[in-house]
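So you can see what is in the structure, the chains are spelled out below.
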Amino acid sequence: GAGVSQSPSNKVTEKGKDVELRCDPISGHTALYWYRQRLGQGLEFLIYFQGNSAPDKSGLPSDRFSAERTGESVSTLTIQRTQQEDSAVYLCASSLRDHSYEQYFGPGTRLTVT
Amino acid sequence: EDKVVQSPLSLVVHEGDTVTLNCSYEVTNFRSLLWYKQEKKAPTFLFMLTSSGIEKKSGRLSSILDKKELFSILNITATQTGDSAIYLCAVFFTGGGNKLTFGTGTQLKVEL
């Protein structure tokens, strides 16, 4: 089956605009994660969805960041009023159930805020 | 503060060399430690370790966990240029909610 897919692969936006990033997890995976990776830095946890439970939003850096997930399928990460420091690769991962299972990563979306 | 620290930050070796990458952690309620290889954008899974002293092996790669001393090592023997990548260590712990925290990675470059 297909792996995790993300779109767009690259996004260039002007400071102050809103952007929406999409993640399609592997079918049947109940857990979905968003991470951010700034240039030369490690992966930074943003948000975690597990089935119908309330998402763990503890990693979201500000209230400009939000994410939604429809059931156990597609997720969108929205960044409002983008800033230059939001420039990074945004990675999505899914796993069969929870953190005790291997996470499969998507190819990421490279966001550049000019 | 929960943290995952990897060393060295970067490493350059020649083909055929053996390398050892280190990952130490300080977290609340440790559950598991994972190693990933990141070549371009998406990290790919290598190992998940939950028990001390049990080596996991896949080809030329192997890894072991020491839960008493709070570290793990990733060994790569007979390195090849295709091993060049960033190697990420991540720890799943349940202190303060379920989280997977990544280290900053070790950048490995294997030269001919």
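Above this text sits the structure in question.
Definitions and limits used
- Residues numbered from 1 in each chain as written.
- Chains lettered and ligands numbered in written order.
- Predicted model: local features only at pLDDT ≥ 70, side-chain atom pairs only at ≥ 80, totals over all residues.
- Heavy atoms only, no water.
- Helix = DSSP H or I, 4+ residues; strand = E, 2+ residues; numbered from the N terminus.
- Rg over C-alpha atoms; globule rule 2.2 N^0.38 Å.
- Buried < 20%, exposed > 50% of the residue type's maximum accessible area, 1.4 Å probe, protein only.
- Contact = heavy atoms within 4.5 Å.
- Lys, Arg positive; Asp, Glu negative; His and termini not counted.
- Charge placed at Lys NZ, Arg CZ, Asp CG, Glu CD.
- Areas by Shrake-Rupley, 256 points an atom, 1.4 Å probe, with all protein chains shown as cover.
- Pairing = 2+ DSSP bridges.
- Axes fitted to C-alpha atoms, helices over the stretch in contact; angles between N-to-C directions.
- Salt bridge = Lys/Arg side-chain N within 4 Å of Asp/Glu carboxyl O.
- Buried area = accessible area lost by both parts, 1.4 Å probe.
- Nonpolar A, V, L, I, M, F, W, Y, C, P; charged D, E, K, R; others polar.
- Disulfide = S-S within 2.5 Å.
- Core = buried A, V, L, I, M, F, W, Y, C linked by side-chain atoms within 4.5 Å.

(A) Structural context of the overall build of chain A. Within chain A one finds 0 helices and 10 strands. Against the globule reference of 13 Å for 114 residues, chain A gives a C-alpha radius of gyration of 13 Å, in line with a compact fold. Considered along the principal axes of its C-alpha atoms, chain A spans approximately 35 × 25 × 25 Å. For chain A, buried positions account for 49% of its 114 residues. Once local pairs closer than 6 in sequence are excluded, the contacts in chain A between residues at least 24 apart make up 56%. Counting 12 positive and 13 negative side-chain charges, chain A places the centres of these two groups 4 Å from one another.

(B) Highlighting the overall build of chain B. The helix and strand inventory of chain B stands at 0 helices and 11 strands. The N-to-C order of helical and strand elements in chain B reads β-β-β-β-β-β-β-β-β-β-β. For chain B, whose C-alpha radius of gyration is 14 Å, the value lies close to the compact-globule estimate of 13 Å for 112 residues. When its C-alpha atoms are laid out on the principal axes, chain B stretches across 45 × 30 × 20 Å. For chain B, with 112 residues in total, the buried portion stands at 44%. Taking contacts inside chain B between residues at least 6 apart in sequence as the whole, the part at least 24 apart equals 54%. Total accessible area on chain B is roughly 5,500 Å²; 49% of this is exposed by carbon and sulfur atoms. A gap of 7 Å separates the mean positions of the 12 positive and 11 negative side-chain charges of chain B.

(C) Fine view of the pairing of strand β3 (residues 19-26) of chain B. Residue and element names in this part refer to chain B. Of the two faces of β3, the one holding V19, L21, C23 and Y25 is buried and the one holding T20, N22, S24 and E26 is not buried anywhere. As defined by bridge partners, β3 adjoins strand β8 (residues 71-76) across 6 bridges and the pair is classed as antiparallel. Looking at the pairing, C23 lines up with S72 of β8.

(D) Inspection of the sheet that holds β3 of chain B at higher detail. Residue and element names in this part refer to chain B. Pairing in this open sheet of 5 strands is antiparallel, and the strands run β1-β3-β8-β7-β6 from one edge to the other. Edge strands, defined here as strands with exactly one partner in the open sheet, are β1 (3-7) and β6 (56-58). Strand-to-strand twist across the sheet, computed as the mean angle between neighbouring axes with direction ignored, equals 15 degrees.

(E) How the structure looks around the pattern of salt bridges. Scanning the entire structure with this criterion turns up 6 salt bridges over all chains. Of the charged contacts in the structure, one is a salt bridge between D24 of chain A and R22 of chain A, with a shortest N-O distance of 2.8 Å.

(F) Layout of the environment of Y101 of chain A. The residue Y101 of chain A is located in the loop between β8 (88-95) and β9 (104-105) in this model. Setting aside its immediate chain neighbours within four residues, Y101 of chain A contacts S95 and L96 of chain A together with M48 of chain B.

(G) Layout of the interface of chain B and chain A. Across the boundary between the two partners, chain B contributes 15 residues, which contact 21 residues of chain A. Taken over both partners, the interface formed by chain B and chain A buries close to 1,600 Å², and the fraction arising from carbon and sulfur atoms is 60%. If you look at where chain B meets chain A, you find 0 salt bridges. Going through the elements one at a time, β4 (30-38), β5 (43-49), β9 (85-93) and β10 (99-102) of chain B are the ones with two or more residues in the side of chain B that touches chain A. For the side of chain B that touches chain A, a count of residues per class yields 9 nonpolar, 4 polar and 2 charged.

(H) Region of interest: the state of the cysteines. All names here are of chain A. Considering all chains together, one arrives at 2 disulfides over all chains under this definition. The disulfide partner of C23 is C92, and the S-S distance across this bridge is 1.8 Å. Negative torsions about the S-S bond denote left-handed disulfides, and the value of about -65 degrees found for C23 with C92 makes this one left-handed. In this pair, C23 sits in strand β3 (residues 19-24) while C92 sits in strand β8, placing the two residues 69 residues apart along the sequence. This pair shows no difference in class: C23 is buried, exactly as C92 is.

(I) Structural context of the nonpolar core. The biggest cluster of nonpolar side chains holds 24 residues, and the ones touching the most others in it are Y25, L33, W35, Y87 and V91 of chain B. Those elements that provide at least two residues to this core are β3, β4, β5, β7 (61-66), β8, β9 and β11 (106-111) of chain B. Element by element, the count of residues in this core is highest for β9 of chain B, at 5 residues. With near-sequence residues (within four places) excluded, Y25 of chain B lies in contact with K3, V4, F30, L33, L65, D66, K67, L70, F71 and V91 of chain B. Residues C23, W34, L60 and A67 of chain A belong to the second largest nonpolar core, which totals 20 residues.

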